[in-house]
Amino acid sequence: MSTDPSFAAASSAALTTTQGRTIIADAVVAKIAGIATREIDGVHDVGGGTARVVGALRDRIPGARVNHSQGVAVEVGEKQAAIDIGIVAEYGVALHELAAGIRRNVITAVERMTGLEVTEVNITVYDVILFDELETGVDPDVAPRVQ
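A. Summary view of the overall build of the protein chain. Secondary structure assignment for the protein chain yields five helices and six strands. Counting all 147 residues of the protein chain, 32% fall into the buried class. Counting only carbon and sulfur atoms, one obtains 53% of the accessible surface of the protein chain, whose full area is about 9300 Å².

B. Spatial organisation of the environment of V93. The residue V93 is located in the loop between β5 (80-90) and α4 (95-114) in this model. The exposure class of V93 is partly exposed, given its relative accessible area of 28%. Expressed as a C-alpha distance, the spacing of V93 and D41, which sit 52 residues apart in the sequence, is 9.0 Å. Residues within four places of V93 in sequence aside, it is in contact with G42 and L98.

C. Main features of the confidence of the model for the protein chain. Averaged over every residue, the pLDDT of the protein chain is 80; residues scoring 70 or more account for 67%. Of all helices and strands in the protein chain, the one with the weakest mean pLDDT is helix α1 (residues 5-15) (51), whereas α4 scores best (98). This model gives residues 1-13 a pLDDT under 50, and the stretch forms 15 contacts once residues within four places in sequence are excluded.

D. Inspection of helix α2 (residues 26-38) at higher detail. Taking 1.5 Å per residue, 13 residues should reach 18 Å; α2 reaches 18 Å between its end C-alpha atoms and fits that length. Of the positions making up α2, those classed as buried are V29, A30, I32, A33, G34, A36 and T37. Against β3 (43-46), β4 (72-76), β5 and α4 lie the buried residues of α2.

E. Main features of the pairing of β4. Strand direction decides the pairing type here: β4 and β5, joined by five bridges, are antiparallel. Its bridge partner lying in β5, V76 is registered against A81. If you look at the hairpin formed by β4 and β5, you'll find three residues sitting between the two strands.

F. Main features of the nonpolar core. One finds I83, I85, I102 and V106 to be the most contacted residues of the largest nonpolar core, which totals 28 residues. Of all elements in the fold, only α2, β3, β4, β5, α4 and β6 (117-129) reach the threshold of two or more residues within this core. Looking at this core, the element that brings in the most residues is α4, giving seven residues. In this structure, I85 is in contact with T37, V46, G71, V72, I102, V106, V121, N122, I123 and T124, ignoring residues within four places of it in sequence.

G. Region of interest: a nonpolar patch on the surface. A cluster of nonpolar residues, Y91, L130 and F131, forms a patch on the protein surface that exposes about 300 Å² of accessible area. Its location among the elements puts L130 in the loop between β6 and α5 (131-136).

H. Highlighting the side chain of E111. Within the secondary structure, E111 is located in helix α4. Buried charged residue E111 carries no salt bridge. Nearest counter-charge: R112, at 9.8 Å.

I. The environment of A36, seen in detail. Considering the arrangement of structural elements, one finds A36 in helix α2. Apart from residues no more than four positions distant in its own chain, A36 is found in contact with N105, V106 and A109.

J. Quick look at the packing of α2 against α4. The geometry of α2 relative to α4 is characterised by a closest axis approach of 9 Å and an angle of 140 degrees between their N-to-C directions. It follows from the interaxial angle that α2 and α4 lie oblique. Of the two possible hands of crossing, α2 and α4 adopt the one that is right-handed. Side by side, α2 and α4 meet where V29, I32, A33, A36 and T37 of the first sit next to I102, N105, V106, A109, V110, M113 and T114 of the second. Considered class by class, the residues forming the contact of α2 with α4 number nine nonpolar, three polar and no charged.

Conventions and cut-offs
- Along every chain, residues carry numbers that run from 1 in the direction the sequence is written.
- Totals for whole chains, interfaces and linings use every residue, but because this is a predicted model, local features are given only for residues with pLDDT of at least 70 and side-chain atom pairs only at 80 or more, for both listing and counting.
- Only hydrogens and water are set aside; all other atoms, that is, all heavy atoms of the structure, feed into the side-chain values.
- Strands here are runs of E lasting at least two residues and helices are runs of H or I lasting at least four, both read from the DSSP assignment and numbered beginning at the N terminus.
- For the exposure calls, accessible area comes from a 1.4 Å probe over protein chains only, and a residue counts as buried if that area is under 20% of its type's maximum, exposed if over 50%, partly exposed in between.
- Areas reported as accessible are Shrake-Rupley estimates using a 1.4 Å probe. Residue values count occlusion only from the protein chains shown.
- Any two residues having at least one pair of non-hydrogen atoms within 4.5 Å are treated as being in contact.
- pLDDT expresses how confident the predictor is about each individual residue, on a scale running from 0 to 100.
- Here the expected length of a helix is defined as 1.5 Å per residue gap, with one fewer gap than residues.
- For two strands to count as paired, DSSP must find a minimum of two bridges between them.
- Residues enter a nonpolar core if they are buried and are Ala, Val, Leu, Ile, Met, Phe, Trp, Tyr or Cys, with the set joined through side-chain atoms within 4.5 Å.
- Excluding any residue in a salt bridge, patches collect residues exceeding 30% relative accessible area, merging like charges within 9 Å and nonpolar Val, Leu, Ile, Met, Phe, Trp and Tyr side chains within 5 Å.
- Salt bridges are defined as contacts in which a side-chain nitrogen from Lys or Arg sits within 4 Å of a carboxyl oxygen from Asp or Glu.
- When charges are counted, Lys and Arg contribute as positive and Asp and Glu as negative, whereas His and the chain ends are disregarded.
- Axes here mean lines fitted to C-alpha atoms, for a helix over just the part in contact, with angles spanning 0 to 180 degrees between N-to-C directions.
- In these notes the angle categories are as follows: under 35 degrees is roughly parallel, over 145 is roughly antiparallel, 65 to 115 is roughly perpendicular, and the rest is oblique.
- Crossing handedness is read from the near helix: turned anticlockwise from the far helix by less than a right angle, it gives a left-handed crossing, and turned clockwise, a right-handed one.
- Residue polarity follows a fixed list, in which Ala, Val, Leu, Ile, Met, Phe, Trp, Tyr, Cys and Pro are nonpolar, Asp, Glu, Lys and Arg are charged, and the others, Gly among them, are polar.

Shown next as structure tokens:
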């Protein structure tokens, strides 16, 4: 969240002027937040179980586009935005540091690109991916015991 009061005043002034209003859709803020989240090292994926399954199915369709807002929910007002993000982290990453890095990057990107003040970024860590799962693509806990 921006702590500079002049930034908040300048950003809200930029969205509403004597010449008109700029309205920024929720989907735009969600997409910016999703991209900013994926830029952080240690984030394996964005979204909970269902969102990831749908994303994996979409990835298999030729020509399908990546849904950058997957796993991101936002509330956008006239001057402010609140953001909820669900992630899957890579094993070994300090989750509290990962969340702080995501929060900083998301706030910076959204405030810079939209002029909205970000009031909060809530992060839910749904899972931690193990290197074994990355290499084999199979969860070792559900792999067959015999071959």
